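# A look at the structure
Now for the letters of each chain:
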Amino acid sequence: MPPKIRELIAELEGAGFTDAGGKGSHRNFKHPRVKGRVTVYGRTGDDAKPYQIKDVRKAIEESQS
């Protein structure tokens, strides 16, 4: 079962990302060590899409290096 959007957001915030706002259900997260932003969209109870999971995990990995 894929993680929920709220779980991806919790992972990003736990890694030091901050919410930079967004429109509607889109949320942009930024981190000082990561170039660009990570966009997560959907209601918090929705299942995350495979590419969203991949993007979030890649950004977290990049922030730790």
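Details of the structure are given in the entry above.
Throughout what follows, the structure given in this document is the object of discussion.

## Remarks on the overall build of the protein chain
- A tally of helices and strands in the protein chain yields 2 helices and 3 strands.
- For the protein chain, the N- to C-terminal ordering of α and β elements is α-β-β-β-α.
- Expected size for 65 residues packed as a compact globule is a radius of gyration near 11 Å; at 11 Å, the protein chain falls within 12% of this value.
- When its C-alpha atoms are laid out on the principal axes, the protein chain stretches across 30 × 25 × 20 Å.
- For the protein chain, buried positions account for 32% of its 65 residues.
- Considering only contacts within the protein chain whose residues lie at least 6 apart along the sequence, 49% involve residues at least 24 apart.

## Thoughts on the pairing of strand 3 (residues 38-41)
- Going residue by residue along strand 3, you find Val38 and Val40 tucked away on one face and Thr39 and Tyr41 left uncovered on the opposite face.
- For strand 2 (residues 26-30) and strand 3, the ladder comprises 4 bridges, and the chain directions are antiparallel. Its bridge partner being in strand 3, phenylalanine 29 is matched across the sheet by valine 38.

## What to know about the sheet that holds strand 2
- Read across the open sheet, the 3 strands follow the order 1-2-3; overall the sheet is antiparallel. Each edge of the open sheet is held by one strand with a lone partner, namely strand 1 (18-19) and strand 3.
- As paired elements, strand 1 and strand 2 share 2 bridges and run antiparallel to each other. By the bridge assignment, aspartate 19 is partnered in strand 2 with phenylalanine 29.

## What about the side chain of arginine 27?
- Checked against the element boundaries, arginine 27 lands in strand 2.
- For arginine 27, which is buried and forms no salt bridge, the nearest opposite charge comes from aspartate 19, at a distance of 5.5 Å.
- A polar contact of 3.1 Å, which involves the side chain of arginine 27, links it to the backbone oxygen of glycine 42.
- Excluding residues that lie within four positions of it along the chain, arginine 27 makes contacts with Ile5, Ile9, Asp19, Gly21, Val38, Thr39, Val40, Tyr41, Gly42 and Thr44.

## Regarding helix 2 (residues 50-64)
- Helix length check: helix 2, at 15 residues, gives a terminal C-alpha distance of 22 Å against a target of 21 Å (1.5 Å per residue), a fit within 8%.
- When helix 2 is considered as a whole, its buried residues turn out to be Gln52, Ile53, Val56, Ala59, Ile60 and Ser63. Taken around the axis of helix 2, the buried residues stretch over an arc of 135°, which confines them to a single face. Among the exposed residues of helix 2, those oriented more than 90 degrees off its buried face are Pro50, Lys54, Lys58 and Glu61.
- Along its buried surface, helix 2 packs onto helix 1 (5-14) and strand 3.

What counts, and where the lines are drawn
Residues numbered from 1 in each chain as written. Predicted model: local features only at pLDDT ≥ 70, side-chain atom pairs only at ≥ 80, totals over all residues. Heavy atoms only, no water. Helix = DSSP H or I, 4+ residues; strand = E, 2+ residues; numbered from the N terminus. Rg over C-alpha atoms; globule rule 2.2 N^0.38 Å. Buried < 20%, exposed > 50% of the residue type's maximum accessible area, 1.4 Å probe, protein only. Contact = heavy atoms within 4.5 Å. Pairing = 2+ DSSP bridges. Lys, Arg positive; Asp, Glu negative; His and termini not counted. Salt bridge = Lys/Arg side-chain N within 4 Å of Asp/Glu carboxyl O. Polar contact = N/O pair within 3.5 Å; in protein donor to acceptor, adjacent residues only side chain to side chain. Expected span 1.5 Å × (residues − 1). Arc of directions from axis to C-beta.

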